[in-house]
Every structure is written in structure tokens, then in C-alpha cells.
Amino acid sequence: KDLNLKYKIEYIKDISFDELNKKFAISKKDEAILFIKFDKDSKGKEVTNKDKIFFINNAKLPVFITDTQLIGKGGVGGKLLDIESLGIHAGKNIVDILTGAKQHSSISTANSYSYIFDYKQSKKFDIKPLFLHKPFSYVNSSLSYFEENRFFINFIFIIFPLFVFLVIALMHNLFLRIKSS
């Protein structure tokens, strides 16, 4: 369907897992993948999470994802649905139905999205989430100087007052010796 967009969108539905890997094994400028859902390929083979992670890590294009399941496992990130909160919400609804607190099942929509990006993948593909002008967070980010040296810094802050006390005690001792002589 031609949507008259400035971007060309190719929706790939019926493809085998091997063909999918071959199709995106070549790096192309100004192209990206939006990985939505891929549970079975065109041959009827079930695609496991391990297979998805293999594909995402071997694709030569940035792979944007839609939920937190694959963040930190090779996907660049994006506006992600929090799978954990979705599972907790579904579990609470199931418990309510089973205990009789809720008389019937209902359909609800999830709206707990957040912008999360993989720092290493963003650097690899030169993706700058700052251009979103929205709050976002990184996973797999490099540690700051303070995070890397937290133990040393905490040690200094603990030992410093002892040194100050020692210097004051020595100055007091020196003052008493000078006064007595």
C-alpha cells in the first residue's frame, strides 16, 4: 500500500528464518528493521527467543524492537512495552477472576511505554536518542568514573574524617608540648 510517506516501508510476513537472516546480512545505508513479532516462519518452523536473538545480533542493520523482552540482547530499543508490568497486571486479573473478586474477564490495553535504548547498539549504528526530545534511558551503558570507582571513593569518604581527627589530635599534642616547654 502506498502511503505517500518520505520513507519506504516493506512489511515482510511470509519468509523463512534462513531467508530472513540472508536478507539482512548486508549493511545498507539509511535502512533499519522494526522487529514486531516473528513466532513462526513461512515453513511453519517455530522461531524461539534464541533464534530471534541470533537474528538480531547477526543483522547488519539496526533492529528496533517493541517490547522489553529483547532489550540488552542486541536490539537497539525504541518505545518499548514493559513486558514485566504487563505480566504482573495479567496475573492480578487472573487471580481476581479465580478468587471471584472479578465476575468476568475483560480486555484491557497496556499503556506503560517507555523509551529505552541499548547504549552499545546506539553507538554502533550512530543512533542519537537525544533527538527524540523525550525522556529515555540506556541499558548496557558504560559506567561513569564514579560508578567504576565507587569502592575507592566510598573508602576515601570513610577514611577522610579519621585523617582529619588524627591531624587535629597531632596539632593539639604539638600545641601542648610547645606550651609545656
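Residue numbers run consecutively from 1 along every chain, following the written order of its sequence. Per-residue local features are limited, in this predicted model, to residues with pLDDT of at least 70; the limit for side-chain atom pairs, both in listing and counting, is 80 or more; totals at the level of whole chains, interfaces and linings are taken over all residues. Neither water nor hydrogens contribute to the side-chain values; these are computed over all heavy atoms in the structure.

Q: Sorry, what's going on with the overall build of the protein here?
A: Within the protein, the regular secondary structure consists of six helices and five strands. Helices and strands appear in the protein in the N-to-C order α-β-α-β-β-α-β-α-β-α-α. Between the two quantities, the radius of gyration covers C-alpha atoms and the globule rule is 2.2 Å times the number of residues to the power 0.38. Expected size for 181 residues packed as a compact globule is a radius of gyration near 16 Å; at 28 Å, the protein overshoots this value by more than 25%. Summarising its shape, the C-alpha atoms of the protein cover approximately 100 × 55 × 35 Å along the three principal directions. A burial count over the protein gives 22% of its 181 residues as buried. Contact criterion: two residues are considered in contact whenever any of their non-hydrogen atoms come within 4.5 Å of each other. Sequence-distant contacts, at least 24 apart, represent 48% of the contacts inside the protein between residues at least 6 apart. In short, Shrake-Rupley with a 1.4 Å probe defines the accessible areas, and a residue's cover is counted only from the protein chains shown. By element, 61% of the accessible surface of the protein is carried by carbon and sulfur atoms, the whole surface being about 14500 Å². Strands are runs of DSSP state E lasting at least two residues, helices are runs of H or I lasting at least four, and both sets are numbered from the N terminus onward. Exposure is judged per residue with a 1.4 Å probe applied to protein chains only, and the accessible area is read against the type maximum: over 50% gives exposed, under 20% gives buried, and values in between give partly exposed.

Q: Before we go on, may I ask you to explain the nonpolar core in this structure?
A: Considering soluble globular proteins, one finds that nonpolar side chains tend to be buried as a cluster. Phe-35, Phe-55 and Ile-65 are the most contacted members of the largest nonpolar core, which totals 18 residues. What Phe-35 contacts, discounting residues up to four positions off in sequence, is Lys-52, Phe-55, Ile-56, Val-63, Phe-64, Ile-65, Thr-66 and Leu-70. Buried Ala, Val, Leu, Ile, Met, Phe, Trp, Tyr and Cys residues form a nonpolar core when they are joined through side-chain atoms within 4.5 Å.

Q: In this structure, what is going on with the pairing of strand S5 (residues 136–139)? I would like to understand it.
A: Moving residue by residue along a regular strand, the side chains alternate between the two faces of the sheet. At least two bridges found by DSSP between two strands are what make those strands a pair. Pairing analysis gives four bridges linking strand S4 (residues 113–118) to S5, with the strands arranged parallel. Within the sheet, the bridge partner assigned to Ile-116 lies in S5 and is Ser-137. Seen with the strands pointing away from the viewer, any crossover whose path from the first strand over the helix to the second strand runs clockwise is right-handed. Crossover handedness for the path S4 to helix H4 (residues 119–124) to S5: right-handed.

Q: Whenever I open this one, the side chain of Ser-122 confuses me. Can you help?
A: Checked against the element boundaries, Ser-122 lands in helix H4. If we ignore the near neighbours within four places in the chain, the residues touching Ser-122 are Val-76, Phe-117, Ile-127, Pro-129 and Tyr-138.

Q: Looking at this structure, how should I read the packing of aromatic side chains?
A: Aromatic rings considered in pairs are described by the distance between their centres and by the relative angle of their planes. Centres within 6.5 Å make a pair out of two Phe, Tyr or Trp rings, where for Trp the six-membered ring is used; the pair is then stacked when the planes are under 30 degrees apart, edge-to-face when over 60, and tilted otherwise. Under the counting rule described, the total for this entry stands at seven aromatic pairs. The structure contains a cluster of three or more aromatic residues connected by ring pairs, namely Phe-117, Tyr-119, Phe-136 and Tyr-138.

Q: Just to check I follow, could you spell out helix H6 (residues 150–180) for this structure?
A: Every α-helix carries 3.6 residues per turn, so stepping three or four residues along brings you back to the same face. Each residue after the first adds 1.5 Å to the expected span of a helix. Here H6 is 31 residues long and its end C-alpha atoms lie 45 Å apart, about the 45 Å a rise of 1.5 Å per residue gives. Bend at a given residue is defined as the angle between two axes, one fitted to the seven residues that end at that position and one fitted to the seven that begin there. Ile-159 marks where H6 bends most, by close to 30°; the proline Pro-161 follows one to four residues later.

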